[in-house]
Amino acid sequence: MQTQATQASPALASASQNQSLQAHATALLRVSLGVMALAHGLLKVFVFTVPGTVGYFESIGLPALIAYLTILAEVGGGLALILGIYSRWVSLALIPVLIGAAWVHAGNGWVFSNPGGGWEYPVFWAVALLVQAGLGSGSLVVSRRFA
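Residues numbered from 1 in each chain as written. Predicted model: local features only at pLDDT ≥ 70, side-chain atom pairs only at ≥ 80, totals over all residues. Heavy atoms only, no water.

The name an unreviewed UniProt entry assigns to the protein chain is DoxX family protein, from the organism Billgrantia sulfidoxydans. Per UniProt, the protein chain carries the Subcellular location (unreviewed entry) text "Cell membrane". According to the UniProt record, the Sequence similarities (unreviewed entry) comment for the protein chain reads "Belongs to the DoxX family." (UniProt positions renumbered as here; feature names shortened; annotations may be inferred.)

*Asks:* Teacher, can you tell me more about the overall build of the protein chain here?
*Replies:* Counting its secondary structure elements, the protein chain contains five helices and zero strands. Along the chain direction, N to C, the helices and strands of the protein chain fall in the order α-α-α-α-α. Relative to its length of 147 residues, the protein chain is extended, with a C-alpha radius of gyration of 20 Å against a globular reference of 15 Å. With respect to the principal axes defined by its C-alpha atoms, the protein chain has extents near 75 × 35 × 20 Å. The 147 residues of the protein chain split such that 30% are buried. Considering only contacts in the protein chain between residues 6 or more positions apart, those separated by 24 or more positions represent 64%. Counting every atom, the protein chain has about 8800 Å² of accessible surface; 72% of that belongs to carbon and sulfur. (Helix = DSSP H or I, 4+ residues; strand = E, 2+ residues; numbered from the N terminus. Rg over C-alpha atoms; globule rule 2.2 N^0.38 Å. Buried < 20%, exposed > 50% of the residue type's maximum accessible area, 1.4 Å probe, protein only. Contact = heavy atoms within 4.5 Å. Areas by Shrake-Rupley, 256 points an atom, 1.4 Å probe, with all protein chains shown as cover.)

*Asks:* In this structure, what is going on with the UniProt feature "transmembrane region" (unreviewed entry) in the protein chain? I would like to understand it.
*Replies:* When the UniProt feature table is mapped onto this chain, "transmembrane region" (unreviewed entry) is found at residues 27-48, 60-82, 89-111 and 123-142. Taken end to end, residues 27-48 is 95% helix and 0% strand, and its two terminal C-alpha atoms sit 30 Å from one another. Measuring from the first to the last C-alpha atom of residues 89-111 gives 29 Å, for a span that is 74% helix and 0% strand.

*Asks:* Could you clarify how one ought to interpret helix α4 (residues 87-105) in this entry?
*Replies:* In an α-helix there are 3.6 residues to a turn, and that puts residues three or four apart on one side. Taking 1.5 Å per residue, 19 residues should reach 27 Å; α4 reaches 26 Å between its end C-alpha atoms and fits that length. Taken residue by residue, α4 has Ser87, Val90, Ser91, Leu94, Ile95, Val97, Leu98, Ala102 and His105 as its buried positions. (Expected span 1.5 Å × (residues − 1).)

Now the structure itself:
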């Protein structure tokens, strides 16, 4: 009987190690997505400026309100993902922003390095957010209560 317990122990240790590794990998994805969203939001604030961003959105036929909501989603959502706050819901909430970005860049072709940027980057980012929503927060969250 002791032989069975000894054989089970390495299996349990391996499973625990795999769960820990998965939690850290999930957190790495979450933080990376959060940094990207925050960077894009702050780019709209500090480089393009809020009035410039609003003007661009209006120039492509979108109401000014969408520009403000996009900035809020990227900055707020980015911070929430970095901190691990409601990661599943925040990830899902950011997907429409990326679908909108893919729509804006759709006419520029596949590669994002094309003039005006292509659509593959925002589509891949949206898929990564969907994966994050499925995985949850992972490790390194501010509070498990809000993860």
